Amino acid sequence: MIDTSLHQSEPVMLPGRPWGRTVRSIAGYALLTALMIRSELTVFIPATVIHSAIRNGRRSTWIMLALATLLGFALFAINPATELQMMQRFSYLAVTVLAIALPSMIALPMIERGETFGRVLMIMLLGSAAGLGVVELGARAAASFSPYAMFVADAKVTTAVYAKAYAASGMPAAAVTLMERWNAYYTSVLLPGALLVMNAVSFVLSLMMIGRLRSWFEFAAKRKLTAPGVYLFRNFALPEWALFAFILGGVAPLLKGTLQAVSANMLMVAVFLFLLQGFALLRFLLASAGVGFIGALFAFGFTFITGVGPMLLGVAGLFDPFFDFRHYKKRKDDSHEGHSD
């Protein structure tokens, strides 16, 4: 039976908390979020949104986000710029709000229930993809401007700089040509997936940050959540249906045109997510062996240096839904099969 009371669906403010203190908290979160938007330091905006909801409730956080959006708009507007630059700034603001902050708000009920790390991340990513689409369609309809074209132009400039640097460093001409072809494919096809990967990094880091704060454990205790450590990186596990993204992405070479582009981007995001799950498995094993945070960083660094390490971890992450490596030993020990002899 599902409990639909306010206690389960909407966090309330702490008893006896002064109204003025709550207002100051909302204003502080709004100002911090607006400054992060203005400085393009958006990686921890989801953490700000989630922490605001834990402290002040969802309704207050909606107010905070609205104030932050207005403040961000004002901070962009007060600096003189050309019409094109203003369109770029406001497009960036729209992407930040609709593809980063709003998906965090959508996932709040799941976070409050302590749902699994991977499930929350996937909902955030789906919301982020929808937000990017809304910004693109809205900008084209309202101002005949394409934020996606802006991102493509920026990516082409960046990749051209890297290509020149590699050529100047003495790399073989064939290698430079291959890199230029890859950059062209990246900017023309894979950029949407790259944007989602960057947003995924923001969501993961923010959830990890929230999962280690004292306020989260106090919130979890108040809600009587059975797994307050659910947002530790070692517990990151994708839902089983995420495998379909990898399967659908794998047919990209067989498709053409728009379908191929969509499938290729889906594969790119899926590969990143399963690689992330592989590193979560490694962190789980290290934590089980008593290795601390610093030791885990050295282990992650060594894995990257080997080159083949990330590939192996990606494969482990891909097969984790089938074998459940984190509980493999427990399942093996708990088996009670009889013997015929």
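These notes cover the structure that comes with them. Keep in mind the model is a prediction, meaning the values are calculated, not measured.

### What about the overall build of the chain?
No. 1: When its secondary structure is counted, the chain shows 15 helices and zero strands.
No. 2: For the chain, the spread of C-alpha atoms along the three principal axes comes to 75 × 60 × 40 Å.
No. 3: Of all 341 residues assigned to the chain, the portion counted as buried reaches 42%.
No. 4: In the chain, once contacts between residues fewer than 6 apart in sequence are set aside, the share between residues at least 24 apart is 72%.
No. 5: Approximately 19100 Å² of the chain is accessible, and the part contributed by carbon and sulfur atoms is 70%.
No. 6: Positive and negative charge centroids in the chain, built from 27 and 17 side chains respectively, lie 8 Å apart.

### Some remarks on helix α14 (residues 308-323)
No. 1: With 16 residues, α14 should reach 22 Å at 1.5 Å per residue; the first-to-last C-alpha distance of 22 Å fits that figure.
No. 2: For α14, the set of buried residues is Gly309, Pro310, Leu313, Gly314, Gly317, Leu318 and Asp320.
No. 3: Check the buried side of α14 and you find it contacts α11 (243-250), α12 (257-288) and α13 (293-306).
No. 4: Just beyond α14, the residue with positive phi is aspartate 324, at close to 50°.

### Some remarks on helix α5 (residues 83-106)
No. 1: Helix length check: α5, at 24 residues, gives a terminal C-alpha distance of 33 Å against a target of 34 Å (1.5 Å per residue), a fit within 8%.
No. 2: Roughly 25° is the biggest bend found in α5, and it falls at valine 97.

### Structural notes on a nonpolar patch on the surface
No. 1: Taken together, the side chains of Val308, Met311, Leu312, Val315, Phe319, Phe322, Phe323 and Phe325 define a hydrophobic patch exposed on the protein surface, amounting to about 800 Å² of accessible area.
No. 2: Structurally, the position occupied by phenylalanine 322 is in helix α14.
No. 3: For phenylalanine 322, a relative accessible area of 58% puts it in the exposed group.

### Considering unusual backbone geometry
No. 1: Phi angles above zero are rare outside glycine, and glutamate 40 is one such case at about 60°.
No. 2: Note that glutamate 40 resides in the loop between α2 (19-38) and α3 (45-56).
No. 3: The phi torsion at serine 144 lies on the positive side, around 50°, for a residue other than glycine.
No. 4: Examined against the element boundaries, serine 144 turns out to sit in the loop between α7 (117-143) and α8 (147-168).
No. 5: What makes serine 144 exposed here is its relative accessible area of 70%.

### A few points about the nonpolar core
No. 1: Grouped together as the largest cluster of nonpolar side chains are 74 residues, with contacts concentrated most on Ile111 and Trp216.
No. 2: For this core, the element with the most residues is helix α9 (residues 173-210), which contributes 10 residues.
No. 3: For tryptophan 216, the residues in contact, after removing those within four places along its chain, are Ile54, Ile111, Ile210, Gly211, Leu225, Pro228, Val230 and Tyr231.

### A few points about the environment of glycine 57
No. 1: By the element assignment, glycine 57 lies in the loop between α3 and α4 (58-77).
No. 2: What makes glycine 57 buried here is its relative accessible area of 2%.
No. 3: In sequence terms glycine 57 and methionine 150 are 93 residues apart; their C-alpha atoms lie 36 Å from each other.

### What about the side chain of arginine 283?
No. 1: Checked against the element boundaries, arginine 283 lands in helix α12.
No. 2: This buried residue, arginine 283, is left without a salt bridge; aspartate 320 holds the nearest opposite charge, at 15 Å.

### Side note on the pattern of salt bridges
No. 1: In this structure the tally under the stated criterion is six salt bridges.
No. 2: Linking glutamate 115 and arginine 113 is a salt bridge whose minimum nitrogen-to-oxygen distance equals 2.7 Å.
No. 3: In this structure glutamate 115 comes out as partly exposed when scored by relative accessible area, which is 21%.
No. 4: Look at arginine 113 and you get partly exposed, because its relative accessible area is 44%.
No. 5: Close ionic contact of arginine 140 with glutamate 136 constitutes a salt bridge, the shortest N to O distance being 2.6 Å. In this pair, arginine 140 and glutamate 136 both sit in helix α7, four residues apart, roughly one turn of the helix.
No. 6: Residue arginine 140 is classed as partly exposed on the basis of its relative accessible area, which comes to 47%.
No. 7: Within this structure, Arg113, Glu115 and Arg119 form a network of salt bridges that share partners.

Parameters at a glance
Residues numbered from 1 in each chain as written. Predicted model: local features only at pLDDT ≥ 70, side-chain atom pairs only at ≥ 80, totals over all residues. Heavy atoms only, no water. Helix = DSSP H or I, 4+ residues; strand = E, 2+ residues; numbered from the N terminus. Buried < 20%, exposed > 50% of the residue type's maximum accessible area, 1.4 Å probe, protein only. Contact = heavy atoms within 4.5 Å. Areas by Shrake-Rupley, 256 points an atom, 1.4 Å probe, with all protein chains shown as cover. Lys, Arg positive; Asp, Glu negative; His and termini not counted. Charge placed at Lys NZ, Arg CZ, Asp CG, Glu CD. Expected span 1.5 Å × (residues − 1). Bend = angle between axes of the 7 residues up to and from the residue. Patch = residues over 30% accessible without salt bridge, like charges linked within 9 Å, V, L, I, M, F, W, Y side chains within 5 Å. Salt bridge = Lys/Arg side-chain N within 4 Å of Asp/Glu carboxyl O. Core = buried A, V, L, I, M, F, W, Y, C linked by side-chain atoms within 4.5 Å.

The values are spatial; any link to function lies outside them.
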